[in-house]
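Results of the structural survey
Given next are the chains, with one letter for each unit.
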Amino acid sequence: MILDIVTYPDPRLKQPCEPVTEVTDEIRKLAADMLETMYAAPGVGLAAPQVGRNIRMLVMDPAGKDEDKQPRVLINPVLELSGEDVVSEQEGCLSVPLNYRADVPRKSRVLLKATDLDGNGIEEDLTDFPAIIIQHEADHLDGILFIDKISRLRRTLYDSKVKKWLKRKNAG
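This one's a predicted model, so the numbers in the text were calculated from it and none came from an experiment. Sequence order as written defines the numbering, with residues in each chain counted from 1. Selection of residues for local features in this predicted model requires a pLDDT of at least 70, selection of side-chain atom pairs for listing and counting requires 80 or more, and totals for whole chains, interfaces and linings are taken over all residues. Computation of side-chain values covers all heavy atoms of the structure but excludes hydrogens and water.

1. So, the overall build of the protein
In terms of regular secondary structure, the protein is built from three helices and five strands. To qualify as a helix, a DSSP run of H or I must reach at least 4 residues; to qualify as a strand, a run of E must reach at least 2; elements of each kind are numbered from the N terminus. Counting from the amino terminus, the protein carries its helices and strands in the arrangement α-β-β-β-β-β-α-α. Our radius of gyration looks at C-alpha atoms and nothing else; its globule reference is 2.2 Å times the residue count to the power 0.38. Whereas a compact globule of 172 residues would reach a radius of gyration of roughly 16 Å, the protein reaches 16 Å, a difference of no more than 12%. The C-alpha extent of the protein, read off along each of the three principal axes, is 45 × 40 × 35 Å. Accessibility here uses a 1.4 Å probe with only protein chains present; expressed as a share of the type maximum, an area under 20% marks a residue as buried, one over 50% as exposed, and anything in between as partly exposed. Within the protein, the fraction of its 172 residues that count as buried is 41%.

Written as C-alpha cells, this is what we have:
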C-alpha cells in the first residue's frame, strides 16, 4: 500500500524517533509499504517519520535506474561516520516540497550497524552513494532534514517560498 508522505513544515519531521523493540508482522508490513511508497515517489530512501511513524526504521535502494533493485530495510541503524568530507550534490528529499535541492556536506564512508527484518544484526561498511543515502535517512530518525544543513540565507529563502506555496495551496 502506498503511504502518504509527510512534508515540511510538519512538526512530526522534527521529532527524534523511538527504537523498534521487536520486529513484528506490523513492522514487516510497514517496511513493505515504505518500499512501495519509496519506489512510487520515486526516491532512493524513506525513513519511518516521513510516513508518520515515529520509529527508528528506514528503507533504501541505491541501485541506479538501469540496475536491478537492491531494497534494504534497516531497523535501529547506528552510524559511525568516517572518511573524507564530501558534498552530496543537489540532494533532495521526498518530504521537502517544491522539489528543492541543495549541496549538503556528508562523509564518504559509514560503518552501519542495524537489524534486518529477521532480527539479525547487520554490520556493513558503506561508501559513495549508499553512504550518502544512509546519512540522509538516518538524519530523519533524529528529526533532522537536509535543509537544516544549508546556509541560513538559503534556508530563509526556501522557507519564504514554502510559506507562499502553502498559502496558495490552502487558498485553493
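2. Some remarks on the UniProt feature "active site" (unreviewed entry) in the protein
Mapped onto the present numbering, the UniProt feature "active site" (unreviewed entry) falls on Glu 137. Along the polypeptide, Glu 137 turns up in helix α2 (residues 128-141). Since its relative accessible area comes to 4%, Glu 137 is described here as buried. Contacts are assigned to residue pairs that have any heavy atoms within 4.5 Å of one another. Not counting residues up to four positions away in its chain, the partners in contact with Glu 137 are Gly 45, Leu 46, Ala 47, Gln 50, Leu 58 and Val 59. UniProt positions are given in the numbering used here, feature names are shortened, and annotations may be inferred rather than shown by experiment.

3. What about α2?
Expected span of a helix: the number of residues minus one, times 1.5 Å. Helix length check: α2, at 14 residues, gives a terminal C-alpha distance of 21 Å against a target of 20 Å (1.5 Å per residue), a fit within 8%. Most of α2 sits out of view: eleven of its 14 residues are buried. For α2, every residue scored as buried is listed here: Ala 131, Ile 132, Ile 133, Ile 134, Gln 135, His 136, Glu 137, Ala 138, Asp 139, His 140 and Leu 141. The inward-facing, buried residues of α2 abut β1 (45-47), β2 (57-60), β3 (72-91), β4 (102-115) and β5 (121-127). Note on α2: the residue one or two positions beyond its end, Gly 143, has a positive phi of about 80°.

4. Some details on the packing of aromatic side chains
Two aromatic rings, drawn from Phe, Tyr or Trp (for Trp, its six-membered ring), form a pair once their centres lie within 6.5 Å of each other, and the interplanar angle then sorts them: stacked below 30 degrees, edge-to-face above 60, tilted otherwise. As enumerated under the stated definition, the model contains three aromatic pairs in all. With centroids separated by 6.0 Å and ring planes inclined at 35°, the aromatic side chains of Tyr 8 and Tyr 158 adopt a geometry described as tilted. With Tyr 8 in the segment before α1 (25-40) and Tyr 158 in helix α3 (residues 152-171), this residue pair connects regions lying 150 residues apart in the sequence. Note on accessibility: Tyr 8 and Tyr 158 belong to one class, buried. Pairing Tyr 100 with Tyr 158 gives two aromatic rings, centres 4.4 Å apart and planes at 40°, and the pair type is tilted. Of this pair, Tyr 100 sits in the loop between β3 and β4 while Tyr 158 is found in helix α3, placing the two residues 58 residues apart along the sequence. Residue class for Tyr 158 comes out buried when judged on its relative accessible area of 1%. The structure contains a cluster of three or more aromatic residues connected by ring pairs, namely Tyr 8, Tyr 100, Phe 146 and Tyr 158.

5. A look at the nonpolar core
Counting 16 residues, the largest nonpolar core has Leu 30, Met 34, Ile 55, Met 57, Val 59 and Val 73 as its most contacted members. Only α1, β2 and β3 provide two or more residues apiece to this core. A per-element tally of this core places α1 first, with six residues. To form a nonpolar core, buried Ala, Val, Leu, Ile, Met, Phe, Trp, Tyr and Cys residues must be joined to one another through side-chain atoms within 4.5 Å.

6. Looking at the environment of Gly 92
With respect to the helices and strands, Gly 92 occurs in the loop between β3 and β4. A relative accessible area of 22% places Gly 92 in the partly exposed class. C-alpha separation for the pair Gly 92 and Asp 103, spaced eleven residues apart in sequence, amounts to 9.0 Å. Beyond its immediate sequence surroundings of up to four residues, Gly 92 is in contact with Tyr 100, Arg 101, His 136 and Phe 146.

7. Digging into the sheet that holds β2
Strands were regarded as paired on the criterion that DSSP finds at least two bridges between them. One open sheet holds the five strands; their spatial order is β1-β2-β3-β4-β5, and the pairing between them is antiparallel. This sheet does not close on itself; its edge strands, each paired only once, are β1 and β5. Averaged over all neighbouring strand pairs, the angle between strand axes comes to 30°, with direction disregarded. Where β3 and β4 come together, eleven bridges link them in antiparallel fashion. Among the inter-strand pairings, Asp 85 is bridged to a residue of β4, identified as Lys 107. Its contacts with the sheet place α1 against β1, β2 and β3, and it is angled at close to 40° to β2. Working convention: axes come from line fits to C-alpha atoms, limited for helices to the stretch in contact. Angles between N-to-C directions cover 0 to 180 degrees.

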